[in-house]
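Listed below, chain by chain, are the residues.
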Amino acid sequence: MKKNQFKLIALFALTMFVLHSCDEQAILKETPLDFYSPENSYTKPEHFDLAASYIYNICRNTFYNNDSKNGYSLMAGTDYMRDGRNDGSFSIGDYRLFVPTSSQALYWWQHLYEIISCSNIIIDRIQPVEYPTEKEKKAVIAEAVFFRGFCYRGLANIYGGVPLTVHEVKTVKLDFVRATRTETYQQSANDLKFAAENLPEKKDVKNIGRVNRTAAYHFLAEVYLSLGKNDSAIWAANKVLQDPNFSIMTQRFGTRVSPTSGSGYSTSAGNSYWDLFQMKNQNSPENKEAIWVVQIEPDDGRLGTGNYKPERIFGPVYYSMKDPKGVAGFIGPTTKNGGRGAAYLGPTDYFVNGLWTSDWDNDLRNLEPNMIRDYLYDNPASTYFGKKVSENPGYVYDTKYYFYPIMSKTSQRGDEPTFLYATPADQAIGLLNASASKTYHDWYYARVAETYLIRAEAYLAKDMKPEAANDINTVRARVNAKPVSSNDVTIDYILDERLRELAYEEPRMMTLGRLGKIYDRVRLYNSGTEGTTVAPRNNLFPIPYNEIERNTGAVLEQNPGYTN
Amino acid sequence: MRGKFLIRMQIPLKLCKSFSKRALLLTIAYFTFVLTISAQEKKITIKQTNKQLSEILNEIESKSGYSFLVRSSDLNLKQIVSIDAKNLIITEILSILFKNKGINYEINGKNVSIYIPQKSIDKSDLQKESKNVFGTVTDEKGVPIIGASIIINGTTKGTITDVNGTFSLEVQSDSKIKISYIGYLSKEVAINNQDRLTITLIEDTKALEEVVVIGYGSMKKIDLTGAVTSANINAFKESPNVSIMQSLQGSVPGLNIGQVNEAGENPSFTIRGQNTFNAGNTGPLIVVDGIIYKGGMNDLNPSDVKSVDILKDASSASIYGSRAANGVILITTLSGEAKAGKPVITYSTSYSTQDPVNILRPLNREQWITRIKDAVWDKAYLAPDYITPNPNFNIESEWVAEEIKQGYVNGTDFNWLDAATQTGHTKNDFLSISGKNQGSTYYISLGITDQLGYIMNDKFKRYTGKINIENKINKWLNIGVQTNVNFGDYSGMTPTMGDIMRMSPLTSPYDQNGVLIRQPMGQNVPNPFQPTQINDLNTKMSLFGNLYADINIPFIKGLTYRINYSHNYRTADRFQTDPNASNYQGSASKYNESEYDWTLDNILTYNRTFNVDHKVLLTLVSGREESQFETTSASNSVFPNLDLGYNNLSVGSNPEVLSTAWDESSLYYMGRAHYSYKNKYLGTFTLRRDGFSGFSETKKFAIFPSAALAWIISEEKFMQNKPLTIEFLKLRASYGQTGNRTAGRYSTLAKVTAKTANGYIYGDDGNVTVGQNVTSISNSDLQWETTLGTNLGIDFSILKNRITGNIEYYNTNTSNILYNRNLPYASGFSTITYNIGQIHNQGMEFSINTINIKTNDFRWETTFNFSINRNKVISIVGKWNDANQDGIEDDQISNSLFIGEPLNAIYSYNITGIYQLGDPNIPAGYKPGQYIVTDLNEDGLITTADRSIIGYKDPNYRFSLANTFKYKNFSLFVFINSVQGGKNYYMALNDPSSWGGSTATTNSNAVAWDYWTPANPNAKYQQLFYPTPVANSRIQDRSFIRLQNVSLSYQFDNKILKKIGIQNLKLYVSGQNLYTLTNWEGWDPETGQGWGANGSPVLRSFTAGLDVSF
């Protein structure tokens, strides 16, 4: 009997020994409890909606953001904008200092690749997920693919050829190599074309502000230009311009059609160009010009509002000017004068003067209320009260910091949210408090006016100058500008027209880089440090050294002319 | 000699060739004293024919309850005998059995010694007068020692003591007897016509027969092949230590234990050098009673601890595989086995008072006013020499706060420090009962610790309970349970020392009504006493239970199986109601935490000796472990009133909730083979396979091998005629691999973050949607850090064991050290934790114990410990990181990591002096009274480029010196501990400017340090008001020698005590941290706190206590 007991015990012991060796992997499987992992967070359709939200968030925060001053580096240091403080903090400033270790070089690289990565994760992980219809699923994929194409287009425009990743990077990868610029554009074109074919129309998008097929065609047209496929570019642009749902806005529309008063500012002199930039008009169903709108909201305590301060960055510090007698000329920053500028970035002389000379008094874009060119002293204590600053330059007057023209689209002039006023009395006179600095109206990733200018480029490249002139004149006619004759259409004319139409909107470096015009135009039109220091190598941004250093498994070639 | 005891035990084995018999005899020999089931003159019946003598003896043993001890080497246990006896008592049966076989026997209590009388000796014996001597053998506490062996010198004749520790032996009156027992120093006693002897054996903690816990088993110290040290915990029993770790401070070379300065604080501890970048991952693995321990060291009552063994080298630690790279500390708690016979009740109590060793005193009114004038010397004194006071200087203009100006006028001189501090104390009460009943042993204890710190409200209370019970169910099965309960109360918020020290003496904390002033110094500086108004509940509880069974598997002799099934449940609660938070609108919070671990270990042990010479100890382990953790916290702020406080959080207006959870599991298999040949050549080989849920998908298992060899030279023939002075000499060499699981759970997984802050508002005036993204890349290659270590050791005992000791040298290379490696951004991620760094460590330790004086009444023992360690960063992220292209990997200055240099280098400015008034060489931007900083790159500017390595934080070497003096019943223990820096090690930056820096003139108070003024040009530190641009810290040497423990105890005479029913009574007084010799300035060199405001003093304590057992 006892022996049996022993046997039992021995058996038991043996069992215990082997028991848990059976399913080691199951025992050691790690399941996170208090955080999400890709394995459980990319499994249902709603997950992909959240992942898309993130992309919209970071894409906005990359291009329209103040947290990183580098966000302005596609506008600053160009043919129309200079470093207002010569400290390089918001711009490239001195091109001799624009080197592979510069933060601007890293900023765009890092952020555009982050968006690409987020897109790839959606594209790869959505495959096994079930959707009600295949079409819906394809639209979600198309949205991610759109962003990938959008970012490769951006990378190719400013860096040239870059490494192409079209799948989620799931393990350590240290051996990226650059594709050619053509390959990069081609990847972008493929993505945008797929997106165009599978995205819904603008009226059918799930939420306001999400991409639609027209946006894809718009950017596809531009990428085709870069690939030299001008016919394709025209074809893609036509998809936008021939769509009855889209047109350039020639009639007044939106929130401020009837003259409003209050906050110390009212205008009845508005026009359809001006309406494009008034609060809430970008998302308005009336607005047929908007192709794709970046969503920015007043930071009234909500999260996800965005943080974009063109009013602060581009605006002059007029409110600190003293009258010729040394008395404070202004009661302070006011909404009627365009807010609380800090003159980090100012316009070049070319933008202030030369650009507009041919049509100074006709072009609505050069006139109030679109262009603020002068201020009236508004301090009742000043004997110059009500007089023009331009005619009575005061004590600290200069045209670099205190006094220069600014397009009113950079602010929400006359329409600031009430929380920017300290008191009702301040609100009555439009005096802003110290939190005023952001611009709360939405911005255009793309609008129809630009599509016309893209098609004009394509026609020009095909030497179809009348058609090119025609497109340009569509844009000009809306703002009462004289038409251009087809003989005068050159690529530089188109670039000038883009400036007049799209200044403060388009990431200018994208366009100049795409055309290899950074060096030419900056040297020619930027009379600041930028113009004297820019070199031919600057037609492409340097590949960030940080990235070259991290990429230990392969050599990432630097762009010509830069030394690591 | 190592003692005849061992040899004697092995004698019968030589005779026996059958494995089973040999094992039986071994059992008999080893456990004679164990099998003592009551059988007073029991009559037994036995009938056997033609059986081996040993089998018959075995049967008699089991039937009678007597135990046999074979004492003669030539006694043949295999001889075939027969017996037929009915209802006879033991003596009758033995007479029949041994008839005509030349075997004699002696009965002592329940022990029967059998032997063959040796004729030659017997002959001479006959010529002398022989007599019967009765004796009692006890330990120092008077507890009887059972099974002690008594041998007549020059013979093999002897006996062993019975359950009462007594023996009787027939001896010649002029002979000597030798008494020996495992773990005690052998003693020789001359009979000298005495009839009764009382022999007290002194515990020999250094004895080589000592059994050492080695993880999943134990081993005799003599058989060790790796660097394993048993700590001498008894030496520090008289100190008021809350944690067992404090008791080990300085006592084990290579075990580095930090100083504590708060009530209930756990000291930090490491073994040997740092072999990872993150200093948070340097803690050794703690194993308590065989189970990996995750609770706090404070959850164990030091009084419950029986032994602490430390596995220092890679070969011995590798049995714990991926967690052993920082060494292993094995703690064994007391059990009933150690005591015996009737229940022993022990009560000990102690009371300590605690005061700072060194306290920095804030300035009083007069000093503070002087200091302000010193700060603004250029205003308060007149040019050019700034020594004559400026009559136009108005000190009030220097103050911003109205409150201070008022205090100046009122003549206020308040001592904030005195108001915020007190004499601390520690009260310890401990009661235990242990014993052995039939087949079960038990140990039950209850401990209460009550500590009051130096700073007001610094309190700690602990209740511990322990029950260890083992039941011998039958011959082959033991079942036991080990439990531990701990309740710790850390409640009460203390003021922050820095806040107290900064308060101006011209202000006071209370108004006329005794109510705390919210901002006594104005300027939004809250009253430092406010934390004491927080209703703070801070408790921790832990429950531990280990159920185990030991089974002697019968078919294979020497094979035992043990199963451990342990559970540990810990909770922590932190509830607070703070009336002053949220702009005095109040806040309250509740935090609950619980962790539950369970462990299942299967341990097979095979312990056999073959043909006397071949000793084999095989251990196989398979185990599984799991931990689950969760927290919930809820808080609210802005309360209409705080009457309900944290008990009703819903009343507030800003509720916040948070919860976290994790779990992790481990699987492991371990095999260890130990082999010893002729007690001369020893080898241990282990292999552990460790699986951990936190390892990456592709590397769930790690394998850790090790090998160790040892050679006991003193056993060699050529050493037999060795110089008389060398009794023991062993050489050891080992090589092994261990791991460090620094990566931790979930670190290999990709993480997804989903939150509204990352979302987007579609359209106008809408609400945000959640944005989700993958925030970290999964790392399928992430694994443990690997340490490969060599250890060379020498153990020796010379001059008749008067000098014993050991020397260790080790050399370890750690690779795969975790470091955040940068990834190309093109991957979408910027960093990943990667196994990449390399560190090299080497060091030496030695420990020497000498018995300086040894007389009957007086004994003086000294232990000297020494350790030294050097480490070096070999690589951080890899050779590719070489921006300056010099072929050597670049340093990571921001993380203070330098290739080829030790970890913890101090990279700072070299200060060579102070600029004086009128000094013509003061560079632009510098002022008189500021530091002269070396312009290393000679570019005329002091920039970050002028930093260099100016010293190292790690110690150069450590030593300690323990002296024990015993005179009759008095015992005096004196312990000196020291950490030394030598030329540039054990340095730290000392920066007095942390006292509000340039605001020195406005509000902040300070202490008196040697700052520069025109009147004090030779000061050590810069002037007060204008800190030196860039460099503010002076580097200083932390070296110290500390008289850490002195204790004096008196052990009452057992004979007298017995009469009043007391077994043992000891009274003692002790002092801790009595005197410190150091050049370090500020709070304390060992804590490394200098002139900083927010320091805390190390406490000096005086203790009186008593231990009594019944």
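Along every chain, residues carry numbers that run from 1 in the direction the sequence is written. All chains are assigned letters beginning at A, and all ligands numbers beginning at 1, according to the order in which they are written. The predicted origin of the model limits local features to residues at a pLDDT of at least 70 and limits the giving and counting of side-chain atom pairs to 80 or more, whereas totals for whole chains, interfaces and linings rest on all residues. Just so you know, side-chain values use all the structure's heavy atoms and leave hydrogens and water out.

Section: the overall build of chain A
Logical step 1: A count of helical and extended segments in chain A gives 20 helices and six strands.
Logical step 2: Overall, chain A is about 120 × 60 × 50 Å in size when its C-alpha atoms are taken along their principal axes.
Logical step 3: Three labels apply to residues, based on accessible area from a 1.4 Å probe with only protein chains included: buried if under 20% of the type maximum, exposed if over 50%, partly exposed otherwise in between. Out of the 564 residues in chain A, the part that is buried amounts to 61%.
Logical step 4: Accessible surface area values rest on a Shrake-Rupley calculation with a 1.4 Å probe, where residue burial reflects the displayed protein chains alone. In the structure as shown, chain A presents an accessible area of about 20,800 Å², 52% of it carried by carbon and sulfur atoms.
Logical step 5: Seen as two clouds, the 63 positive and the 66 negative side-chain charges of chain A have centres 1 Å apart. Numbering of helices and strands starts at the N terminus; helices are DSSP runs of H or I of at least 4 residues and strands are runs of E of at least 2. His is not counted, nor are the chain ends; Lys and Arg add positive charge and Asp and Glu add negative charge. By convention, the point assigned to a charge is CZ for Arg, NZ for Lys, CD for Glu and CG for Asp.

Section: empty space enclosed by the protein
Rolled over the atoms, a probe as big as a water molecule pinpoints where empty space is left.
All names here are of chain B.
Logical step 1: Both cavities and pockets are sets of points on a 1 Å grid over the protein atoms alone; in a cavity a 1.4 Å probe fits but cannot get out, in a pocket the set is open with protein on both sides within 12 Å along at least five of seven lines, and lining residues sit with an atom within 4 Å of a point. Grid points are joined across faces, edges and corners, and a volume is the space filled by probe spheres set on the points. On inspection of all chains with the given rule, the structure shows 14 cavities of 30 Å³ or more.
Logical step 2: Its boundaries defined by the atoms lining it, the largest cavity holds a volume of some 200 Å³.
Logical step 3: For the largest cavity, the lining is made up of 19 residues, of which Gln-246, Val-260, Gln-354, Gln-451 and Leu-1099 are closest to its centre.
Logical step 4: Elements with a contribution of two residues or more to the lining of the largest cavity: β24 (440–452) and β50 (1064–1078).
Logical step 5: In this classification, the charged set is Asp, Glu, Lys and Arg, the nonpolar set is Ala, Val, Leu, Ile, Met, Phe, Trp, Tyr, Cys and Pro, and all remaining amino acids, among them Gly, are polar. In terms of residue class, the lining of the largest cavity is made up of six nonpolar, 11 polar and two charged.

Focus on the confidence of the model for chain B
All names here are of chain B.
Logical step 1: Confidence in the prediction of chain B, expressed as mean pLDDT, is 85, and 93% of residues score 70 or more.
Logical step 2: Within the model, pLDDT remains below 50 along residues 1–40, and this stretch shows 74 contacts once partners closer than five positions in the same chain are excluded.
Logical step 3: Scored between 0 and 100, pLDDT is the confidence that the predictor attaches to each residue. Any two residues whose heavy atoms approach within 4.5 Å at even a single point are treated as in contact. Contacts from residues 120–127, a stretch scored under 50 in pLDDT, to residues over four places away or in other chains number four contacts.
Logical step 4: Here the predicted complex carries an ipTM of 0.93, next to a pTM of 0.77.

What to know about the side chain of B:Gln482
Logical step 1: Along the chain, the position of B:Gln482 falls in strand β26 (residues 477–489).
Logical step 2: When residues no more than four places from it in sequence are discounted, the contact partners of B:Gln482 are B:Asp289, B:Ile467, B:Asn468, B:Phe544, B:Gly545, B:Asn546, B:Tyr548 and B:Arg562.

Observations regarding the pairing of strand β38 (residues 803–822) of chain B
On a regular strand, one side chain projects to one face of the sheet and the next to the other, so that they alternate.
Residues and elements named next belong to chain B.
Logical step 1: For strand β37 (residues 785–798) and β38, the ladder comprises 13 bridges, and the chain directions are antiparallel. Within the sheet, the bridge partner assigned to Thr-786 lies in β38 and is Ser-815.
Logical step 2: At least two bridges found by DSSP between two strands is the condition for calling them paired. If you look at the hairpin formed by β37 and β38, you'll find four residues sitting between the two strands, and Leu-799 has a positive phi there, around 55°.
Logical step 3: With 18 bridges connecting them, β38 and strand β39 (residues 831–854) associate as antiparallel partners. Bridge pairing in β39 places Ile-817 opposite Gly-837.

Section: the nonpolar core
Logical step 1: In this description, a nonpolar core means a group of buried Ala, Val, Leu, Ile, Met, Phe, Trp, Tyr and Cys residues linked to one another through side-chain atoms lying within 4.5 Å. A:Phe146 and A:Trp292 are the most contacted members of the largest nonpolar core, which has 181 residues in total.
Logical step 2: Here this core gets 14 residues from one element, more than from any other, and that element is helix α6 (residues 134–159) of chain A.

Some remarks on unusual backbone geometry
Logical step 1: A:Pro369 follows A:Glu368 through a cis peptide bond whose omega is 0°.
Logical step 2: Here the residue pair B:Ala383 and B:Pro384 is connected by a cis peptide bond, since its omega of 0° sits within 30 degrees of zero.
Logical step 3: For B:Pro384, the position within the fold is in the loop between α8 (377–380) and α9 (402–410).
Logical step 4: In this structure, B:Tyr216 is a non-glycine residue whose phi angle is positive, near 50°.
Logical step 5: Structurally, B:Tyr216 can be placed in the loop between β13 (211–213) and β14 (218–220).

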